[in-house]
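# Fold and contact review
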Amino acid sequence: MGFASFLLIFLALCPAFLAQVVEDTEFLIDGTVKIAETDDNYVCATLDWWPKEKCNYNECPWGSASLINLDLSHPFLANSIQAFNHLRVRLGGSLQNRIIYDVGNLGSPCHPFTKQGDELFGFSNGCLHMDRWDELNSFFNKTGALVTFGLNALRGRQRTSKRVWEGNWDSSNAHDFIDYTVSKGYQIHSWEFGNELSGKGIGAKVDAEQYGEDVIHLNNLIDQLYKHFQPRPLLLAPGGFYDKEWFETFLEVSGPGTVDALTHHIYNLGPGSDLNLVNKILNPLHLNKIADTFSNLTQTIEINGPWTSAWVGESGGAFNNGGPNVSNTFVNSFWYLDQLGMAAIYHTKVYCRQTFIGGNYGLLDTSTFVPNPDYYSALLWHRLMGKGVLAVSNNASSYLRSYTHCTRHRAGVTLLLINLSNQTHYGVNIESSVSITSHVKEKSNHKSSFVQRLKKTISWVGRKSSDVTLSREEYHLTPLDGNLQSRTMLLNGKPLQLTENGHIPSLSPVLVNLKSPISVSPLSIKFIVFPNFSSPVCT
């Protein structure tokens, strides 16, 4: 090759080289105390009632994904739930307040949903037949799912204005339905009262005092029907968007020992039709905005209801079915994993993703049942991130997000790194507060800055500096061909695809020598497991 040709190639590649930035960062993981703790089954996903006629933005992406018509015999469906070894599943959504249970003395016919523009959400009442409920419970028992069922909280009430519904809740149909469920021996982990009726409501709203009185009634009903059946399910409410005044009043009226968990909903990316969704997902300032909701709800619970806890009962990122070619692609995992990490820091016990299947935001493709990228993100979180949440401090840019948990069901800690930058490679130096403490004791008279102290300690975490053969596990997530809106996720450079038999692939890590440098490439995600991290709270 001649010098002229070489020069042309060099000049052509020069902008790419110049665009790449390498930034070294220092991380301090505090392994001495848990700052929060999640439920052991933190990851949750929803199944909804929407029929195929549910359409938004000239799209109808629900197909046959409704609880009424979902193909429960599809092997991909069972395999994808069983891979979690007890996935928490929440059954509910907007139309749950339109569902009639075909059991007992109804006093009126029980018909399927039909489109009716003048009715709530544009649909008539729908019907859950008991033979379908039997099929669903057989499926949940087979797959080991932990079931939360959302009850119709509008039955018996009357609409008095455009959104306001008043009157006492008619519990008779719910009573007969729960009684049937108990008589069949079906295990329901929790019953949830209503969907999006809190605060200003979505389509409908109910006064907080009335809601509090009704949930006391439901609690008594559950006590009665489960008197001779164990375990007694939890009671969740209100399944709506956080409103400080409404939630405070609701807790005051319902009182101690009634509601086990406050469930709230999050759609912090806006409408699915927003053409700016990708930019929102990759903008740390936008992702940070929802922290106020988590923080305020935490304070509400501490002050007004310390007997309860916070659950995210539904969160799909973008509302109205999610964003086409965004919510079901690799880029959405930046939002999703950041949400899981942030919610856990603020004492959230359970986080339910809208949906497991259905709409554009399903973890599975609605038509093929093949997992979308977020499915693998959820599964990796579930397998690696344990209950204990640890504090991690760093001097990194806001584009490098980080969350640390005790490793699930084994020793050590797991660090999740999310790189939102499109050009910065981050080099990461990890240190444990335990090591820092020992150095401070040895040099008690020496004061230095956070970064200076880190640089004076070893840059890897292990029990002994001589353990050079120790390894860490790395799970590096990137999109196929570098396309952020790809439907295929790569794990350590290999596509994640179902096996020939339709089973979930092995999510195997790369084992890396503990002393080797840690780096995170632009627009990628990495879980790092440190099996030998010394943490007294992660034993």
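Description of the structure in this document. (Residues numbered from 1 in each chain as written. Predicted model: local features only at pLDDT ≥ 70, side-chain atom pairs only at ≥ 80, totals over all residues. Heavy atoms only, no water.)

### Quick look at the overall build of the protein
- A tally of helices and strands in the protein yields 13 helices and 26 strands.
- In the protein, which comprises 539 residues, the proportion classed as buried is 57%.
- Restricting the contact set of the protein to residue pairs at least 6 apart, pairs at least 24 apart contribute 77%.
- Surface exposure of the protein reaches about 22,300 Å², of which carbon and sulfur atoms provide 51%. (Helix = DSSP H or I, 4+ residues; strand = E, 2+ residues; numbered from the N terminus. Buried < 20%, exposed > 50% of the residue type's maximum accessible area, 1.4 Å probe, protein only. Contact = heavy atoms within 4.5 Å. Areas by Shrake-Rupley, 256 points an atom, 1.4 Å probe, with all protein chains shown as cover.)

### Description of the pairing of strand β3 (residues 43–47)
- Taken across its five residues, β3 has five buried, putting it largely inside the fold.
- The pairing of β3 with strand β16 (residues 348–353) spans three bridges and is parallel. Each bridged residue has a counterpart across the sheet, and for valine 43 the counterpart in β16 is tyrosine 351.
- The sheet contact formed by β3 and strand β4 (residues 88–91) spans four bridges and is parallel. Of the residues in β4, the one forming a bridge with cysteine 44 is arginine 88.
- A crossover connection joins β3 to the parallel β4 through helix α2 (residues 75–82); in handedness this β-α-β unit is right-handed. (Pairing = 2+ DSSP bridges. Right-handed = clockwise from strand over helix to strand, strands pointing away.)

### Topic: the state of the cysteines
- Overall, the coordinates contain four disulfides when judged by the stated rule.
- The residue that forms a disulfide with cysteine 55 is cysteine 60, at a sulfur-sulfur distance of 1.9 Å. Looking down the S-S bond of the cysteine 55 and cysteine 60 bridge, the torsion is 105°, so its handedness is right-handed.
- Exposure remark for cysteine 55: the relative accessible area of 34% places this residue in the partly exposed category.
- Its relative accessible area of 46% is what places cysteine 60 among the partly exposed residues.
- What links to what in the protein: the bonded cysteines, counted in sequence order, pair as 1-6, 2-3, 4-5, 7-8. (Disulfide = S-S within 2.5 Å.)

### Description of the pattern of salt bridges
- Considering all chains together, one arrives at 17 salt bridges under this definition.
- The residue arginine 232 makes a salt bridge to aspartate 223 at a minimum N-O spacing of 2.7 Å.
- Overall, the relative accessible area of 40% leaves aspartate 223 in the partly exposed class.
- Here arginine 353 ties to aspartate 374 by a salt bridge, and the two come within 2.8 Å at their closest N and O atoms. Of this pair, arginine 353 sits in strand β16 while aspartate 374 sits in helix α11 (residues 373–384); the two residues are 21 residues apart in sequence, bridging distant segments of the chain. Taken as a pair, arginine 353 and aspartate 374 share a single burial class, namely buried.
- Sharing partners across several salt bridges, the network here consists of Arg90, Glu192 and Glu314. (Salt bridge = Lys/Arg side-chain N within 4 Å of Asp/Glu carboxyl O.)

### What to know about the sheet that holds strand β7 (residues 146–151)
- Reading around the barrel, the eight strands line up as β3-β4-β7-β10-β11-β12-β14-β16 and close back on themselves, with parallel pairing between neighbours. The mean angle between the axes of side-by-side strands here comes to 25°, regardless of whether they run parallel or antiparallel.
- When strand β11 (residues 234–240) meets strand β12 (residues 261–266), the two strands line up parallel, connected through four bridges. Its bridge partner lying in β12, alanine 237 is registered against leucine 262. (Axes fitted to C-alpha atoms, helices over the stretch in contact; angles between N-to-C directions.)

### Some details on empty space enclosed by the protein
- One pass over the structure, following the stated rule, counts one cavity of 30 Å³ or more.
- Taken as a whole, the largest cavity encloses approximately 40 Å³ of empty space.
- Lining the largest cavity are Asp39, Asp40, Asn41, Tyr42, Val43, Trp381, His382, Met385 and Arg408.
- For the lining of the largest cavity, the per-class residue count stands at four nonpolar, two polar and three charged. (1 Å grid on protein atoms, 1.4 Å probe; cavity = no way out; pocket = protein on both sides within 12 Å on 5 of 7 lines; lining within 4 Å. Points joined across faces, edges and corners; volume = space filled by probe spheres on them. Nonpolar A, V, L, I, M, F, W, Y, C, P; charged D, E, K, R; others polar.)

### Some words on unusual backbone geometry
- Cis rather than trans, the peptide bond between glutamine 230 and proline 231 has omega equal to 0°.
- Examined against the element boundaries, proline 231 turns out to sit in the loop between α5 (208–225) and β11.
- Between alanine 237 and the following residue, proline 238, the backbone shows a cis peptide bond with an omega angle of 0°.
- Note on placement: proline 238 falls in strand β11.

### Considering the side chain of glutamate 192
- Position of glutamate 192 among the secondary structure elements: in strand β10 (residues 190–193).
- Here arginine 90 takes part through its side chain, which lies 3.0 Å from a polar atom of the side chain of glutamate 192.
- Those residues within four positions of glutamate 192 in sequence are excluded, and the remaining contacts are Arg90, Gln96, Thr148, Phe149, Gly150, Leu151, Leu236, Gly239 and Thr263. (Polar contact = N/O pair within 3.5 Å; in protein donor to acceptor, adjacent residues only side chain to side chain.)

### Here we look at the packing of aromatic side chains
- Scanning all chains against the criterion turns up 29 aromatic pairs.
- Judged by centre distance (6.3 Å) and plane angle (50°), the rings of phenylalanine 241 and tyrosine 267 are tilted. With phenylalanine 241 in the loop between β11 and α6 (244–254) and tyrosine 267 in the loop between β12 and β13 (270–271), this pair connects stretches of sequence that are 26 residues apart.
- Owing to a relative accessible area of 28%, phenylalanine 241 belongs among the partly exposed residues under this scheme.
- Taking the centre distance of 5.5 Å and the plane angle of 85° together, the rings of phenylalanine 330 and phenylalanine 334 count as edge-to-face. (Phe/Tyr/Trp six-rings, centres within 6.5 Å; stacked < 30°, edge-to-face > 60°.)

### Examining a negative patch on the surface
- Judged by side-chain charge, Glu166, Asp207, Glu209, Glu213 and Glu252 come together as a negatively charged surface patch.
- One can find glutamate 166 in strand β9 (residues 165–166).
- A residue is classified by how much of its surface remains accessible, and glutamate 166, at 45% relative accessible area, is partly exposed. (Patch = residues over 30% accessible without salt bridge, like charges linked within 9 Å, V, L, I, M, F, W, Y side chains within 5 Å. Lys, Arg positive; Asp, Glu negative; His and termini not counted. Charge placed at Lys NZ, Arg CZ, Asp CG, Glu CD.)

### Considering the packing of α6 against helix α9 (residues 291–304)
- Put simply, α6 and α9 touch, their axes get as near as 10 Å, and they point 25° apart. In terms of orientation, α6 lies roughly parallel with respect to α9. Crossing of α6 over α9 shows right-handed handedness. Contacts from Lys244, Phe247, Glu248 and Leu251 of α6 reach α9 at Leu297, Thr300 and Asn304. (Parallel < 35°, antiparallel > 145°, perpendicular 65-115°, else oblique. Left-handed = near helix turned anticlockwise from the far one by under 90°.)

### As for α6
- Among the residues of α6, Trp246, Phe247, Phe250, Leu251 and Ser254 are the ones counted as buried. The arc that holds the buried residues of α6, viewed along the axis, is 130°, so those residues lie on one side. Of the residues in α6, the exposed ones pointing more than 90 degrees away from the buried face are Glu245 and Glu252.
- Buried residues along α6 sit against α5, β11, β12 and α9. (Arc of directions from axis to C-beta.)

Such coordinate-based values are descriptive only and should not be taken to indicate function.
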